Amino acid sequence: MQAILIGFMGSGKSSTAQLLSEQTNLKTYDLDKVIEDTIKMPISKYFNQYGENQFRKLENENLNKVIHLDGVLSTGGGTPINAEGFKTIQKSHCPTFYLDASDAVIENRIQKDKVNDRPLVEELGYSGLIELKNQRHSIYNKLADYVIKVDNLNKQQVVEHIIKILNKK
Ligand SMILES: Nc1ncnc2c1ncn2[C@@H]1O[C@H](COP(=O)(O)OP(=O)(O)OP(=O)(O)O)[C@@H](O)[C@H]1O
Ligand SMILES: O=C(O)C1=C[C@@H](O)[C@@H](O)[C@H](O)C1
Ligand SMILES: [Mg+2]
């Protein structure tokens, strides 16, 4: 991969990667979509049927499948949280961007999203979700080569920020 985007649910990984690919010659791989294409069902359904542990196994398998391809990878919110996913991303030595959004922005975006295929939102509720976000923050920070504070940036500005960094490399 030429770039990997990490961060909490709703931080903008998928939409940023999509826009980035439209403005560069980079292909996008969205790990959640790669998984859904493999299992041929929505992630929420898989979570309900097989549980989170089984999902994490599947997530790691699919991460290993795509990490060596050329392009930009938008990960799932939990991809780097388990030790295996963290190591896979770290060992790839790909430029890794943490899209860091505040609690209020995340809550607002998730509430507003029309298509909300996020099983953990249902399971934890908003307060549980924000607690999880704060538990994960240090892991995202540790793994990232670059941290982008996205609260006051529109999608285009986030993309420009990433392109600037990639062009310097
Ligand atoms: N910079 C931004 N400014 C405003 N809204 C944004 C920005 N980036 C993304 N959004 C919006 O926030 C919502 C969540 O974005 P997106 O699905 O890309 O997040 P994600 O990090 O991929 O989440 P998940 O981990 O759940 O897949 C979408 O409605 C998207 O349009
Ligand atoms: O933050 C998480 O743990 C998740 C985020 C989504 O992208 C999906 O990968 C799934 O809903 C789990
Ligand atoms: Mg996404």
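Note that the structure is a prediction, hence the values are computed from the model and not measured.

Visitor: Give a detailed account of unusual backbone geometry, specifying residues and quantitative values.
Guide: Most peptide bonds adopt trans geometry, and most residues besides glycine take a negative phi value. A positive phi angle, near 55 degrees, is found at Lys 40, a position not held by glycine. Take Lys 40: it is sitting in the loop between helix 2 (31-39) and helix 3 (43-50). Since its relative accessible area comes to 69%, Lys 40 is described here as exposed. At His 93, a residue that is not glycine, the phi angle is positive and equals roughly 55 degrees. With respect to the helices and strands, His 93 occurs in the loop between helix 5 (83-92) and strand 4 (96-100). A residue is classified by how much of its surface remains accessible, and His 93, at 71% relative accessible area, is exposed.

Visitor: Before we move on, can you summarise the nonpolar core with the specific residues and values?
Guide: If you look at the biggest cluster of nonpolar residues, it comprises 51 residues, and the most contacted ones within it are Ile 4, Ile 6, Leu 73, Phe 97 and Ile 162. Among the elements that line this core, the one with the most residues is helix 7 (residues 119-143), at six residues. Ignoring any residue separated from it by four or fewer positions in sequence, one finds Phe 97 in contact with Ala 3, Ile 4, Leu 5, Ile 6, Tyr 146, Ile 148, Ile 162, Ile 165 and Leu 166.

Thresholds applied
- Chains are numbered independently. Their residues run from 1 in the order of the written sequence.
- Starting at A for chains and at 1 for ligands, labels are handed out in the order in which the entities are written.
- Under the rules for a predicted model, residues below a pLDDT of 70 receive no local features and side-chain atom pairs below 80 are neither given nor counted, while totals for whole chains, interfaces and linings still include all residues.
- Side-chain descriptors were evaluated using all non-hydrogen atoms of the structure, hydrogens and water having been removed beforehand.
- Helix and strand assignments come from DSSP, with helices taken as H or I runs of at least 4 residues and strands as E runs of at least 2, each series counted from the N terminus.
- Under the scheme applied here, a residue whose accessible area is under 20% of the maximum for its type counts as buried, over 50% as exposed, and between as partly exposed, the area being computed with a 1.4 Å probe on protein chains only.
- Note on terminology: a nonpolar core comprises buried Ala, Val, Leu, Ile, Met, Phe, Trp, Tyr and Cys residues joined through side-chain atoms within 4.5 Å.
- Two residues qualify as a contact provided that any one of their heavy atoms is within 4.5 Å of a heavy atom in the partner residue.

Coordinates in, geometry out; function isn't part of it.
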